[in-house]
Amino acid sequence: DGGITQSPKYLFRKEGQNVTLSCEQNLNHDAMYWYRQDPGQGLRLIYYSQIVNDFQKGDIAEGYSVSREKKESFPLTVTSAQKNPTAFYLCASSPGTGTTWGSGANVLTFGAGSRLTVL
Amino acid sequence: SQQGEEDPQALSIQEGENATMNCSYKTSINNLQWYRQNSGRGLVHLILIRSNEREKHSGRLRVTLDTSKKSSSLLITASRAADTASYFCATPGGVFYQKVTFGIGTKLQVIP
């Protein structure tokens, strides 16, 4: 079955440590995304990538880093510079092909999420 | 910054009633999407309405879009307990409409 796999599902980190969250998709999608969700809050965009070897900052990129070396993979590193990293992290992908007006190229498929807790 | 803002933030209704939630956004869009999230899970896409459409239906869902007011509404008819979830609108922006941002969501509780 095609989909998005995030790992680990739960992660605990000590202050000052970097951690990397994995996101893999087998949907052959060009675009991938990382969002952060805090309790009772909406989703805030961290980074997104429209194509391999390219990515753009979202609204809350400070303290995070990403890479997009393969189409299938978009790992997110939460660095020690992120002051309040405890949150639920969601990865998503979309077809991202072309700019057809009104197309579903930007409809997102989400992973199940990774919950990061800083001890 | 959050592109979309949903209203109300929380809604509690009886099973069988209709649920209406609203979304306002700020910049130009090529479409507007609604998603559902069950507690602690990923989001699931429900419906997409293009910027040249005013209304769209899918099963018990009805979405309207008013681009002059930069607002959309999602109506769930004949609600069921299984509809209990959070609902988010998403607005694609940026150069190729690939920067997809979400509102804070409406938490819907349907009481059996």
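See above for the structure.
Every value quoted in this text rests on a predicted model; they were computed, and no experiment measured them.

Asker: What's the story with the pattern of salt bridges in this structure? I'm lost.
Answerer: A side chain with one charge can pair with a side chain of the opposite charge if their charged atoms come near. For the coordinates displayed, the defined rule picks out six salt bridges over all chains. With a closest N to O distance of 3.3 Å, Asp59(A) and Lys99(B) form a salt bridge. A residue pair is termed interchain when its members come from two chains, as with Asp59(A) in the loop between strand S6 (54–57) and strand S7 (64–66) and Lys99(B) in strand S10 (residues 99–102). Here Asp59(A) falls in the partly exposed class, since its relative accessible area comes to 29%.

Asker: Got a minute to help me understand the state of the cysteines in this structure?
Answerer: Disulfides are covalent bonds that connect the sulfur atoms of two cysteines. All chains considered together, the criterion is met by two disulfides over all chains. Each disulfide pairs two cysteine sulfurs, and for Cys23(A) the partner residue is Cys91(A), the sulfurs being separated by 1.9 Å. Across the S-S bond linking Cys23(A) and Cys91(A), the dihedral sits near -75°, which makes this disulfide left-handed. Of this pair, Cys23(A) sits in strand S3 (residues 19–25) while Cys91(A) sits in strand S9 (residues 87–94), and the two are 68 residues apart along the sequence. Look at Cys91(A) and you get buried, because its relative accessible area is 0%. At a sulfur-sulfur separation of 2.0 Å, the disulfide partner of Cys23(B) is Cys89(B). Here the S-S torsion is close to 65°, and the disulfide linking Cys23(B) with Cys89(B) is therefore right-handed. Taken together, the positions of Cys23(B) in strand S3 (residues 19–24) and Cys89(B) in strand S9 (residues 85–93) put the pair 66 residues apart, joining distant regions of the chain. An identical accessibility class is assigned to Cys23(B) and Cys89(B); each is buried.

Rules used in this analysis
- Residues numbered from 1 in each chain as written.
- Chains lettered and ligands numbered in written order.
- Predicted model: local features only at pLDDT ≥ 70, side-chain atom pairs only at ≥ 80, totals over all residues.
- Heavy atoms only, no water.
- Salt bridge = Lys/Arg side-chain N within 4 Å of Asp/Glu carboxyl O.
- Helix = DSSP H or I, 4+ residues; strand = E, 2+ residues; numbered from the N terminus.
- Buried < 20%, exposed > 50% of the residue type's maximum accessible area, 1.4 Å probe, protein only.
- Disulfide = S-S within 2.5 Å.

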